[in-house]
Amino acid sequence: MAAKALTIAGSDSGGGAGIQADLKAFSAMGVYAASVVTAVTAQNTKAVTAIHPIPDDVVAAQIKAVLDDIQIDVIKIGMLGTPSLIAAVADALAGYDGPVVLDPVMVAKSGDTLLADSAINALKSILFARATLLTPNLPEAAKLVGEGSTQSQANALLELGVGAVLMKGGHADGETCTDHLVSQTGTQDFSAPRVNTRNTHGTGCSYSSAIAAGLAQGMALSDAVRHAHTWLHQAILRADELHVGQGHGPVHHFHALWK
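Residues numbered from 1 in each chain as written. Predicted model: local features only at pLDDT ≥ 70, side-chain atom pairs only at ≥ 80, totals over all residues. Heavy atoms only, no water.

For the coordinates displayed, the defined rule picks out five salt bridges. With its nearest N and O atoms 2.8 Å apart, the salt bridge here joins Asp-22 to Lys-76. Placement of the pair is Asp-22 in helix α1 (residues 18-28) and Lys-76 in strand β4 (residues 74-77), with a sequence separation of 54 residues. Side by side, Asp-22 and Lys-76 carry an identical accessibility label, which is buried. Ionic pairing is found between Asp-68 and Lys-64, a salt bridge with its closest N-O pair at 2.6 Å. Here Lys-64 and Asp-68 lie together in helix α2 (residues 56-69), a separation of four residues that amounts to about one turn. Here Asp-68 and Lys-64 have matching classes, each one exposed. (Salt bridge = Lys/Arg side-chain N within 4 Å of Asp/Glu carboxyl O. Helix = DSSP H or I, 4+ residues; strand = E, 2+ residues; numbered from the N terminus. Buried < 20%, exposed > 50% of the residue type's maximum accessible area, 1.4 Å probe, protein only.)

This is how it looks when you write it as C-alpha cells:
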C-alpha cells in the first residue's frame, strides 16, 4: 500500500516551486500525491508577474473532497495568502488527526511577496498549533518572531504551539549550510557543504514535502528530516544539469532517476 500525501499550496506555472515542486518531491520519494490549489501564479525562474487567489470556499471544497475519499497519511501546507484563507483551511482540517508540515511561504525566490503581512498573525494564531513541524528559513523566522539567535527564534516559535521547528540555514553565510531541528526534547543539526549554484528555486517547498513524505511512510521526525536533507542536497548538486529558465532554475527532483 502506497503512502499518501496531500499538499495545500499555490501553483507555480514555471514548475519549480509550489504545488509542482511538492508533487515532484512526493513522487521522487515514492509517495502518492494529492493536491489542493490555493492560488494560481504567473511565474517563471525570473519573477512572479500575477497571482490569482482561489476562493476560500473552493479551497475548502478541494480539501473536503480529498479527505472524504482518500486516506491521507500526511498534509503539507505551503502558500496561504490571506487571513480568511488560513481560517478556511484550518476549519477544513478540523477532523484530520495526521501529521502536518507547515512551510510558512512568504517570499518567492525572485523576491516577490507571496504572503500579506496581515496574514502573518493569522498563520501564527490559527495554524501553528496544528503543525507537527514548521520549516522557516531565516528571513521567515525573523518575520514571524523578530530578530535573534537561531535558538531563541526556535524557542519563540515552539512557544506559539508548533510541535517542532526546522530552522533552515540556507540564507546564512559560510561554506557549510546547517539546518537545526528544534523540539521540546532538544536540537539536532543537519549539515552539508554549500553548493555554488543559482538553481535553487523551490528548495523550501521541495524540502518540506520530502520531509512530509518520510512522515507519511512512518519515519520518525528526525529520520524524515535526515532522509530529506540528504535527498535535497543531491537535488541541488544536480540542479545545473536541467538548464531550465534564465533566472533561478529548479532543483533536480528526479536526480536519482534520470539526467
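Along the chain, the position of Ser-27 falls in helix α1. Exposure remark for Ser-27: the relative accessible area of 43% places this residue in the partly exposed category. The spacing of Ser-27 and Ser-209 is 182 residues in sequence and 10.0 Å in space, taken between C-alpha atoms. At 2.8 Å, the side chain of Ser-27 forms a polar contact with the backbone oxygen of Leu-23. (Polar contact = N/O pair within 3.5 Å; in protein donor to acceptor, adjacent residues only side chain to side chain.)

By size, the foremost hydrophobic cluster in this structure holds 39 residues, and its most contacted members are Ile-8, Ile-75, Ile-77, Leu-80 and Val-89. In terms of residues, this core owes the most to one element, helix α4 (residues 117-127), which gives five residues. Non-local contacts of Ile-77, meaning those with residues more than four positions away in its chain, are made with Ile-8, Val-89, Leu-93, Val-100, Val-101, Leu-102, Asp-103 and Leu-127. Counting 28 residues, the second largest nonpolar core, distinct from the first, contains Ile-211, Ala-216, Ala-228 and Ala-235. (Core = buried A, V, L, I, M, F, W, Y, C linked by side-chain atoms within 4.5 Å. Contact = heavy atoms within 4.5 Å.)

Residues spaced three or four apart along an α-helix face the same direction, because each turn holds 3.6 residues. For helix α5 (residues 138-145), the set of buried residues is Glu-140, Ala-141, Ala-142 and Leu-144. Taken together, the buried residues of α5 touch α4, β6 (133-134), α6 (150-159) and β7 (164-167). Backbone nitrogen of Glu-140 and a side-chain oxygen of the N-cap are separated by 2.9 Å at the start of α5; the cap is Asn-137. Backbone geometry just after α5 places Gly-146 at a positive phi near 90°.

Turning our attention to helix α8 (residues 221-237). Along its 17 residues, α8 runs 24 Å from first to last C-alpha, staying within 8% of the 24 Å computed at 1.5 Å per residue. Among the residues of α8, Ser-222, Ala-224, Val-225, Ala-228, His-229, Trp-231, Leu-232, His-233, Ala-235 and Ile-236 are the ones counted as buried. Residues of α8 that are buried in the fold lie against α1, β7, β8 (176-183), β9 (186-193) and α7 (203-216). (Expected span 1.5 Å × (residues − 1).)

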